[in-house]
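So the chains spell out like this:
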Amino acid sequence: MSRDDRKRAIGKVVSVAADHFIIEMHAGTDNFTVVGFDDVHYVARLGSFLMIPVQTEYVVVEVVGLRERDPGSGSAGAGELNKASSAKFLDVVPVGMLPQERGAKFRFGVSIYPSLYADALYALDTELDRVLEIDVATETAPGLHVPPAPTRYRALSIGKSVVFEGYDVKVKIDDFFGGHTAVLGNTGSGKSCTVSSVLQSLFEKADENRARGATFVVFDVNGEYSQALSPLAGNGIGVNRLILDGSANANRFRLPHWFLDQSEWELLLQASERTQIPVLRTALGLTGLFRAKSPEALVIKEHFMARCITECFRGADGDSPVAKFHRVVSLLQKYPTEDLNVHLLRHYGANFQYGNFQNNNLEAFLSKIGEKLRDDVELPSYDRTPFAFDDLEECLDFAILYEESHGNRQIRDYCSQMLTRFKSLKERPDFRFLRHDLPEGVLVPTMESFLQGLLGLRIVGGLAVKQNQIIIVDMNAVEDEVVELVSSVLARMTFRLLRQAKPRNRFPVHLLLEEAHRYISEAPSRYAIDANRIYERIAKEGRKYGLFLFVASQRPSELSKTVLSQCSNFVVHRIQNPDDLSQIRQMTPFISDSVLKRLPSLPKQHALVFGTSVNLPTTFRVRDANPLPESDDAKIRDLWFHKEGDAANIRFRADAAR
């Protein structure tokens, strides 16, 4: 041990265990403050660090408790505590190793343990800098520049340490944003302000190397982030707010129904596996078949129509002949071909009146139709070709008719519940955003153009250029069922896009999930769409493709354990619920109990950060968000106690209570 190290020794190690040590301070100290050769050191502050030399390294330990024992306390009639002669003890836990060589990096975890009576040293500021990585937070960007050279972030300041006065708490950019992150805490503890503050810190950099390549899609279920994030727009940073209120208004967010994949339709209509799913799959395939123009598709289309028409006239179900006839008319009118159309009915004497259709003409008509039947024809699968919402209702009816033509006479009864659910979906006003018509001559949104807008891109000269770095999907006006549907479909579409991108992992996207427990729950979903499926897959595989989750929740015990288990960084605010505290303990086995015991008493705007982006779990005060998100507490005194006649300056939507 060097001479300088001996000067800063404050005590000896008197107990060594795998998870904790005890240090007895040198006799003669009347308090836990040590005047060193360089400064005054408060060595007994909970959360502070000490150094224990072991060979060519220091074992870095964190102070988690302090005790004092008077030598005469055991004797009868002992007087007041003698502070100068009493034994003073520090309870510490090992956290990592710091090489004594200057410039060497701190590493988490302990590989060598100290011996009994090893010296304990107070930490120098330079050592704290290395432990906490308080070094230059930016690096010069590559390339030739005219001084001063533009810089880019290596680490991002998110607040101030509550233990080490004046120290910024920084997270490593690559580690914090290169993995999944969870921001947890009770309501009112400051989660929304933390998220807003982190994004404001990221985008406030003034020189030319701003975070222009970032993409944050914010699922804002409480409508609070626009106020905090919209002012970031400018100087190459764009913010786009998409408002979803369930309506089909032109200035509101809409999701074309043909973007839903087959499994999402199955969940939305709660189709049963044995009978309803096969019919639904056939119907979805028909939505593309009826609009296809190729010769191969025409053969399949006419085969299908011939099957259904034959079944309408010869089937034994309970519909009247007139109803069957009008079903045929509808099929030939809406999906005509050159050979199969309403003119064929007129040719055989039917003028849209079944009574004019004589038996001999009917048989001749069916014989003509029979020429279109083919053996071993497979209907096409669902390819998400744009189709009108009403088309699916007709295609469901024709799919049932097609099944009946194969002898399955009870299929209509088996599918009645699914048909009822579809009609309910068609009539519900809060699902108007999903229903699209296809008017003639009007361009419909393609999946490519839709995703470009969602991810803040625009096409210039055939190349995709970033236009918006923050995209806020404001879902405050809709219920959880709609939130779950929209968030899961958008997440699935984004995941599929990034999986197919070449080269892979060159366009990072972060999905910021506010109030995530409402739609990524450990319990089975109460609604048709189960968002857990896609989010758990993203949690496990998204990193490989550059898709990351930024999860914010006040109930970690209700969140999907799979999603939480894949998070590599955590920012935890005040947590008081025993179930939530238990969940935090299970997620963080490497954090001492003394750190976790602080969580129920953390003040507002204070948090504990741990994970791969910081060397050590650190309690800090979150930097102020400016402007704040729209999540401030109600000022009860101001709102309750006022003069007669004063009115609240507030407006309500007329249909909000429906």
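S.K.: Would you explain the overall build of the protein chain in this entry?
M.R.: Each helix and strand counted, the protein chain has 21 helices and 24 strands in total. The 658 residues of the protein chain split such that 49% are buried. Residue pairs at least 24 apart in sequence account for 72% of intrachain contacts in the protein chain once pairs closer than 6 positions are excluded.

S.K.: How do you make sense of a nonpolar patch on the surface when you look at a structure like this?
M.R.: On the surface, V16, Y113, L116 and Y117 cluster together to form a nonpolar patch covering roughly 400 Å² of accessible area. Mapped onto the elements, V16 comes out in strand β1 (residues 9-16).

S.K.: I would appreciate a short explanation of the nonpolar core in the present structure.
M.R.: Counting residues in each nonpolar core, the largest one holds 117 residues, and the members touching the most others are L255, W265, L511, L513 and Y535. Here this core takes 10 residues from helix α16 (residues 480-500), the largest share from any one element. Residues in contact with W265, not counting those within four places in the same chain, are H257, L260, L280, L284, Y382, F387, F389, L392 and L425. Counting 32 residues, the second-largest nonpolar core is a separate cluster that includes V195, A214, I237 and A607.

S.K.: Would you mind showing me how to read a positive patch on the surface here?
M.R.: Positive charge collects at one region of the surface, where K502, R504, R543 and K544 lie side by side. Relative to the helices and strands, R504 is located in the loop between α16 and β20 (509-513). By relative accessible area, which is 46% here, R504 ends up partly exposed.

S.K.: Explanation requested: the sheet that holds strand β22 (residues 567-572) in the structure shown.
M.R.: Each strand in a sheet pairs with its neighbour through backbone hydrogen bonds, running either in the same direction (parallel) or in the opposite one (antiparallel). The 11 strands are arranged β13-β12-β24-β23-β22-β14-β21-β20-β15-β19-β16 in an open sheet whose pairing can be described as mixed. Each edge of the open sheet carries a strand with a single partner, namely β13 (168-172) and β16 (239-243). Between one strand and the next, the sheet's axes are offset by a mean angle of 30°, whatever the strand orientation. One ladder, built from five bridges, connects strand β15 (residues 216-220) with strand β19 (residues 470-474); its direction is parallel. Paired with F216 across the bridge in β19 is I470.

S.K.: Sorry, what's going on with helix α7 (residues 276-289) here?
M.R.: Since there are 3.6 residues in each turn of an α-helix, residues three or four apart along the chain are aligned in direction. In a regular helix each residue adds 1.5 Å, so 14 residues correspond to 20 Å; α7 covers 20 Å between its end C-alpha atoms and thus fits that length. In terms of burial, α7 is largely enclosed, as 12 of its 14 residues are buried. Among all positions in α7, only Q276, I277, V279, L280, T282, A283, L284, G285, L286, T287, G288 and L289 are buried. Against the buried residues of α7 lie α6 (262-268), α8 (295-314), α12 (389-404), α13 (411-414) and α14 (416-427).

S.K.: Sorry, what's going on with the packing of helix α15 (residues 447-454) against α16 here?
M.R.: A pair of packed helices is characterised by two quantities: the angle between their axes and the separation of those axes. Two numbers describe how α15 lies on α16: the axes approach to 11 Å, and their chain directions differ by 100°. Regarding the angle of α15 to α16, the classification is roughly perpendicular. Of the residues in α16, those in contact with M447, F450, L451 and L454 of α15 are L490, M493, T494 and L497.

S.K.: What am I meant to see in helix α2 (residues 125-132) here?
M.R.: For α2, the full list of buried residues reads E127, L128, R130, V131 and L132. Elements that come into contact with the buried residues of α2 comprise β5 (49-54), β6 (57-69), β7 (87-99) and β9 (119-122). A positive phi of about 55° marks E133, the residue just after α2.

S.K.: Looking at this structure, how should I read unusual backbone geometry?
M.R.: A negative phi holds for most residues other than glycine; trans holds for most peptide bonds. In this model, K502 is joined to P503 through a cis peptide bond whose omega is -5°. For P503, the position within the fold is in the loop between α16 and β20. Looking along the chain, the bond that leaves N626 and enters P627 is cis, with omega of 0°. If you trace the backbone, P627 turns up in the loop between β24 (618-622) and α21 (636-640). Although it is not a glycine, Q55 sits at a positive phi angle of roughly 55°. A relative accessible area of 66% places Q55 in the exposed class.

Conventions adopted
Residues numbered from 1 in each chain as written. Predicted model: local features only at pLDDT ≥ 70, side-chain atom pairs only at ≥ 80, totals over all residues. Heavy atoms only, no water. Helix = DSSP H or I, 4+ residues; strand = E, 2+ residues; numbered from the N terminus. Buried < 20%, exposed > 50% of the residue type's maximum accessible area, 1.4 Å probe, protein only. Contact = heavy atoms within 4.5 Å. Patch = residues over 30% accessible without salt bridge, like charges linked within 9 Å, V, L, I, M, F, W, Y side chains within 5 Å. Areas by Shrake-Rupley, 256 points an atom, 1.4 Å probe, with all protein chains shown as cover. Salt bridge = Lys/Arg side-chain N within 4 Å of Asp/Glu carboxyl O. Core = buried A, V, L, I, M, F, W, Y, C linked by side-chain atoms within 4.5 Å. Lys, Arg positive; Asp, Glu negative; His and termini not counted. Charge placed at Lys NZ, Arg CZ, Asp CG, Glu CD. Pairing = 2+ DSSP bridges. Axes fitted to C-alpha atoms, helices over the stretch in contact; angles between N-to-C directions. Expected span 1.5 Å × (residues − 1). Parallel < 35°, antiparallel > 145°, perpendicular 65-115°, else oblique.

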